[in-house]
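Next come the chains, spelled out residue by residue.
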There are 2 protein chains.
Amino acid sequence: MNSIVIIGSGNVATCLGKLFKQYGVAILGIYSPTVSHAKNLAEILETDYFLSIEEIPTDADFYLLAIKDSSVEEISNQLQVDGVVLHCSGATSIDVLNTHKKFGVMWPLQTITKNSQLTPDSIPICIEGNNEMVTNEIEQLTNIISNKVERISFEQRKYAHLAAVFANNFTNHLYEMASQILENNGLSFDLIRPIILETANKIQHAIPNETQTGPAKRNDATSIEQHLELLKKYPEFRQLYELLSAGICKHNTQ
Amino acid sequence: MNSIVIIGSGNVATCLGKLFKQYGVAILGIYSPTVSHAKNLAEILETDYFLSIEEIPTDADFYLLAIKDSSVEEISNQLQVDGVVLHCSGATSIDVLNTHKKFGVMWPLQTITKNSQLTPDSIPICIEGNNEMVTNEIEQLTNIISNKVERISFEQRKYAHLAAVFANNFTNHLYEMASQILENNGLSFDLIRPIILETANKIQHAIPNETQTGPAKRNDATSIEQHLELLKKYPEFRQLYELLSAGICKHNTQ
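K.L.:
Explain the environment of Lys68(A) to me, and be specific about the residues and the numbers.
P.N.:
Residue and element names in this part refer to chain A. Residue placement: lysine 68 occurs in the loop between strand 4 (62–65) and helix 3 (69–78). Overall, the relative accessible area of 59% leaves lysine 68 in the exposed class. Considered as a pair, lysine 68 and serine 146 are 78 residues apart in the sequence and their alpha carbons are 22 Å apart.

K.L.:
Explain the relation of the copies chain A and chain B to me, and be specific about the residues and the numbers.
P.N.:
When chain A is fitted onto chain B, the two copies agree to an RMSD of 0.0 Å after a turn of 180° and an axial shift of 0.0 Å. What we have between these two chains is a two-fold relation. Closest approach to the rotation axis within chain A is made by the C-alpha atom of Thr171(A), at a distance of 2.8 Å. Counting the interface residues of chain A, we find that 100% of their copies in chain B are interface residues as well, pointing to one common contact surface.

K.L.:
Residue-level account of the packing of aromatic side chains, with values.
P.N.:
Tallied over the full model, the rule gives 10 aromatic pairs over all chains. Here the aromatic rings of Tyr234(B) and Phe237(B) are separated by 5.3 Å at their centres, their planes lie at 15°, and the arrangement is stacked. Using a relative accessible area of 10% as the deciding quantity, one classes Tyr234(B) as buried. A relative accessible area of 10% places Phe237(B) in the buried class. Here a set of aromatic residues connected by ring pairs shows up, and it is made of Phe166(A), Phe170(A), Tyr234(B), Phe237(B) and Tyr241(B). When the ring centre of Phe154(A) is taken as origin, the NZ or CZ atom of Lys158(A), which lies over that ring, is 4.8 Å away.

K.L.:
I'd love a proper account of the pattern of salt bridges, names of residues and values included.
P.N.:
Applying the stated criterion to the full structure yields 20 salt bridges over all chains. Residues Glu46(B) and Lys21(B) are paired through a salt bridge, measuring 2.6 Å at the closest nitrogen-oxygen approach. Highlighted residues: Glu46(B) in the loop between helix 2 (35–44) and strand 3 (49–50) and Lys21(B) in helix 1 (residues 11–22), separated in sequence by 25 residues. Overlapping salt bridges, with partners in common, bring together Glu132(A), Glu139(A) and Arg151(A) in one network.

K.L.:
Help me get a handle on the packing of helix 9 (residues 235–252) of chain A against helix 5 (residues 154–183) of chain B, residues and values and all.
P.N.:
At a minimum axis distance of 10 Å, the contact between helix 9 of chain A and helix 5 of chain B shows a crossing angle of 55°. It follows that helix 9 of chain A is oblique to helix 5 of chain B by the angle criterion. The crossing of helix 9 of chain A and helix 5 of chain B is left-handed. Together, Phe237(A), Tyr241(A), Leu244(A), Ser245(A), Gly247(A), Ile248(A) and His251(A) of helix 9 of chain A and Leu162(B), Val165(B), Phe166(B), Asn169(B), Phe170(B), His173(B), Leu174(B), Glu176(B), Met177(B) and Gln180(B) of helix 5 of chain B make up the contact between the two elements.

K.L.:
Any chance you could break down the pairing of strand 2 (residues 26–31) of chain A for me, citing the residues and the numbers?
P.N.:
Residues and elements named next belong to chain A. With 5 bridges connecting them, strand 1 (residues 3–7) and strand 2 associate as parallel partners. Across the sheet, the residue bridging to isoleucine 6 is isoleucine 30, located in strand 2. Following the chain from strand 1 across helix 1 (residues 11–22) to the adjacent parallel strand 2, one finds a crossover that is right-handed. Sheet analysis places strand 2 next to strand 3 (residues 49–50), joined by 2 bridges and oriented parallel. Within strand 3, the residue paired with isoleucine 30 across the bridge is tyrosine 49. Following the chain from strand 2 across helix 2 (residues 35–44) to the adjacent parallel strand 3, one finds a crossover that is right-handed.

K.L.:
Describe in detail the pairing of strand 5 (residues 84–87) of chain B, supporting the description with residues and values.
P.N.:
Residue and element names in this part refer to chain B. Neither face of strand 5 is exposed, since Val84 and Leu86 on one face and Val85 and His87 on the opposite face are all buried. Pairing between strand 4 (residues 62–65) and strand 5: 4 bridges, direction parallel. In the sheet register, leucine 65 faces strand 5, and the bridge partner there is histidine 87. Taking the sense of rotation as the criterion, the β-α-β connection linking strand 4, helix 3 (residues 72–78) and strand 5 turns out right-handed. Here 3 bridges tie strand 5 to strand 6 (residues 103–108), and the two strands are oriented parallel to one another. Bridging across to strand 6, histidine 87 finds its partner in valine 105.

K.L.:
Go over the interface of chain A and chain B with me, naming the residues and quoting the values.
P.N.:
Quoted interface sizes are often the accessible area lost when the parts come together. Counting residues at the interface gives 86 residues for chain A and 86 residues for chain B. In total, about 8,200 Å² of surface goes out of reach between chain A and chain B, with carbon and sulfur atoms giving 68% of it. At the junction of chain A with chain B, the criterion picks out 2 salt bridges. At the junction of chain A and chain B, the tally comes to 42 residue pairs in polar contact (both at pLDDT 80 or more). Contributing elements (two or more residues each) for the side of chain A that touches chain B: helix 5 (154–183), helix 6 (193–202), helix 7 (208–211), helix 8 (221–230) and helix 9 of chain A. Among the elements that take part in the side of chain A that touches chain B, helix 5 of chain A stands out by supplying 26 residues, more than any other.

Cut-offs used in this document
- Residues numbered from 1 in each chain as written.
- Chains lettered and ligands numbered in written order.
- Predicted model: local features only at pLDDT ≥ 70, side-chain atom pairs only at ≥ 80, totals over all residues.
- Heavy atoms only, no water.
- Helix = DSSP H or I, 4+ residues; strand = E, 2+ residues; numbered from the N terminus.
- Buried < 20%, exposed > 50% of the residue type's maximum accessible area, 1.4 Å probe, protein only.
- Least-squares fit on C-alpha atoms with pLDDT ≥ 70 in both.
- Contact = heavy atoms within 4.5 Å.
- Phe/Tyr/Trp six-rings, centres within 6.5 Å; stacked < 30°, edge-to-face > 60°.
- Lys NZ or Arg CZ within 6 Å of the ring centre and 35° of its normal.
- Salt bridge = Lys/Arg side-chain N within 4 Å of Asp/Glu carboxyl O.
- Axes fitted to C-alpha atoms, helices over the stretch in contact; angles between N-to-C directions.
- Parallel < 35°, antiparallel > 145°, perpendicular 65-115°, else oblique.
- Left-handed = near helix turned anticlockwise from the far one by under 90°.
- Pairing = 2+ DSSP bridges.
- Right-handed = clockwise from strand over helix to strand, strands pointing away.
- Buried area = accessible area lost by both parts, 1.4 Å probe.
- Polar contact = N/O pair within 3.5 Å; in protein donor to acceptor, adjacent residues only side chain to side chain.

Structure (structure tokens):
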């Protein structure tokens, strides 16, 4: 049986902690610089919490640093343990953990909030270890909570993180722009929630090239002109409309 | 009981036809300039098909023109009927139908393919009639197949259509860009399908402003710089990255 200490108490710590608990990994306890947060998460996961880094048991198999990128190295340097030390960051090298003998990455490629109802099917996890043996150990642990575990290099991870910015952050900003266009014209965002969901559903069993539609895809210059006219009041949206349409047209003719 | 003739045999004709059939609207038959297409859809909907416009019965309550925008006016002008003539276009005025006494719009705000498994909850429909009485008739019919029927003006419809371009067409193009970034780095699109779905799921019960995350949202200049560095090989993606990030930052500080 695997045992793990979770360091951190935010969204990723909570979500992964719940999955570990659900699938039978022994969570030895929670540490967070803010003790009340550690206590809260410990209650949810029915485990202990530690008041200081020194209290953390040294005999766990894994130590999961589910904390913000900028704190990983500092907290890692304070840990005196023999188990595998892992961080959860898409944008951070494993090298910041190299004061340890065994270290690596367990990066969930997902947007995670405290109340996310994620399952092993909906949480791909990218892993990396400081050597083959450690990577095997990380993989064996990660397989318990995810049905999509990928061994990828730091270089690949950086690009996967960038792809996620397009697929999540920028997509959400498109939703925001659509929301403003609707609101400014007396229309509810409710009107487009179904098309947003269907757009994401479709791509679960297709590739984006197959599901692309719209004026730019069919080179419909009249509709594009009409949209640009409507967007005169929104110069920034207009510029994005033009660039995105040009991108679709260009991809079309490739 | 309502009766309807469907003119067209594409995705919208098929999807709305199936919903009408499922919810008990009498489909008197299908007309399409391509007879074999009309025949196919008529078989699916277990109804008749017509070999010419002249064969279309004149006593239906509704005539649904589910055909491409550029053909609506021409086909409408050939119809000699007393029922309500409807088109399904987001970008076309109802005025192109004004040779009829009763006319209007039934525009599904959804991305529709032949195999779409849409339900009354997942297909908002925007309607408009040439007068209040006609709008009431259209609303009563539309309520049968949609739980989200909105009376909106042509001006509003144009903006709703534009919002849908952002929420669907442009979102899909972001998926395409993410897919290319992954593929060029030896990674599978499968890796980000879950985050795409979760992004759309989250917004079903939130507004985009609440769900925005990422480097631009937290003004993380270091991450943004790193991403722009990675995007040097993709000048067009880079330009979009900059514009979208600027949009998120700006929205943040508003």
